[in-house]
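# Structural overview
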Amino acid sequence: GLDPREGAVSQLKAHSQLNGVELKLPEPFGITREQTRDLHFELNLEGPLTMAISYGNQANVAIALKDGELHGGQVYLGKTEAYVPDEPGMLIQGHVNDVKIEEWLPVWQRIEQAQLELDRVKNEISPPSNEDKDEDENPIRAIQLSADYVSYEEQSFENIKLDVQQNAGDWRADIDSAVTKGHI
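Presented here is an overview of the structure given in this document. (Residues numbered from 1 in each chain as written. Predicted model: local features only at pLDDT ≥ 70, side-chain atom pairs only at ≥ 80, totals over all residues. Heavy atoms only, no water.)

The next point concerns the side chain of Asn-60. Summarising the element assignment, Asn-60 is placed in strand 4 (residues 59-66). With a relative accessible area of 8%, Asn-60 lands in the buried category. Of the polar contacts made by the side chain of Asn-60, one reaches the backbone oxygen of Lys-79; its length is 3.4 Å. In terms of polar contacts, Asn-60 uses its side chain to reach the backbone carbonyl oxygen of Thr-80, at 2.9 Å. Sequence-distant contacts of Asn-60, that is, excluding residues within four places in its chain, are made with Ile-53, Ser-54, Gln-74, Val-75, Tyr-76, Gly-78, Lys-79, Thr-80, Glu-81 and Ala-82. (Helix = DSSP H or I, 4+ residues; strand = E, 2+ residues; numbered from the N terminus. Buried < 20%, exposed > 50% of the residue type's maximum accessible area, 1.4 Å probe, protein only. Polar contact = N/O pair within 3.5 Å; in protein donor to acceptor, adjacent residues only side chain to side chain. Contact = heavy atoms within 4.5 Å.)

Given below as structure tokens:
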């Protein structure tokens, strides 16, 4: 086994150029089978179980698990190294140059479908009891992003900042740009 208490392996590292891998995401995150992108993965087994993932200069992820469940973490879009925040839940932060919302909507729909399928399989294996936590609990605690340019269909915005906070399943979004400012 990989039990660090027995003096065994306490860390696992892997690196790949993702040769021959296709990732169907909008720019700058997607790659074709012909392209390469550095992927670094690190799993620390001592203390709390933590993972760190670096995806080229596009994204960095740090995640902590507690009792086999996601406890907290950060996804940082850009070159900055991600860290595990003290508070539980995921924090998504960073900067993206150009966001075409119509390209991201199908990605969001695929994520939602995958989550529904995962929930279905989990419920078949172990039906939830009344003591289980809320099925709809979202692990994302906050999203704080900025972009040079955001477009959706005929609308476009420059230099936009988005701050989205979740509290007990309710979301509040603050948008700040030269032409739009407010709360949703």
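Continuing now.
Turning to its location among the elements, Gln-166 is positioned in strand 8 (residues 155-167). There is a polar contact of 2.5 Å between the side chain of Gln-166 and the backbone oxygen of Ile-140. Once residues lying within four places of it in the same chain are set aside, the contact partners of Gln-166 are Asn-138, Ile-140, Arg-141 and Trp-171.

Here we take up the pattern of salt bridges. In this structure the tally under the stated criterion is eight salt bridges. Where Glu-87 meets Arg-141, a salt bridge forms, and the shortest distance between an N and an O atom there is 3.6 Å. Within this pair, whereas Glu-87 is found in the loop between strand 5 (69-77) and strand 6 (89-100), its partner Arg-141 is found in strand 7 (residues 140-152), the two being separated by 54 residues in sequence. When its relative accessible area of 42% is taken as the criterion, Glu-87 is described as partly exposed. The class for Arg-141 is partly exposed, based on a relative accessible area of 22%. When the shortest N-O distance is used, the salt bridge between Arg-120 and Glu-117 registers 2.4 Å. Remark: Glu-117 and Arg-120 occur in helix 1 (residues 101-125); sequence separation between them is three residues, near one turn of the helix. (Salt bridge = Lys/Arg side-chain N within 4 Å of Asp/Glu carboxyl O.)

Our focus in this paragraph is the sheet that holds strand 2 (residues 39-44). Reading across the sheet, the 10 strands line up as 1-2-3-4-5-6-7-8-9-10 and stay open at both edges, with mixed pairing between neighbours. The strands lining the two open edges of the sheet, one partner per strand, are strand 1 (11-16) and strand 10 (181-183). Between one strand axis and the next, the sheet turns by 10° as a mean value, whatever way the strands run. Pairing geometry for strand 1 and strand 2, over six bridges, is antiparallel. Residue pairing across strands places Lys-13 opposite Glu-42, the latter belonging to strand 2. (Pairing = 2+ DSSP bridges. Axes fitted to C-alpha atoms, helices over the stretch in contact; angles between N-to-C directions.)

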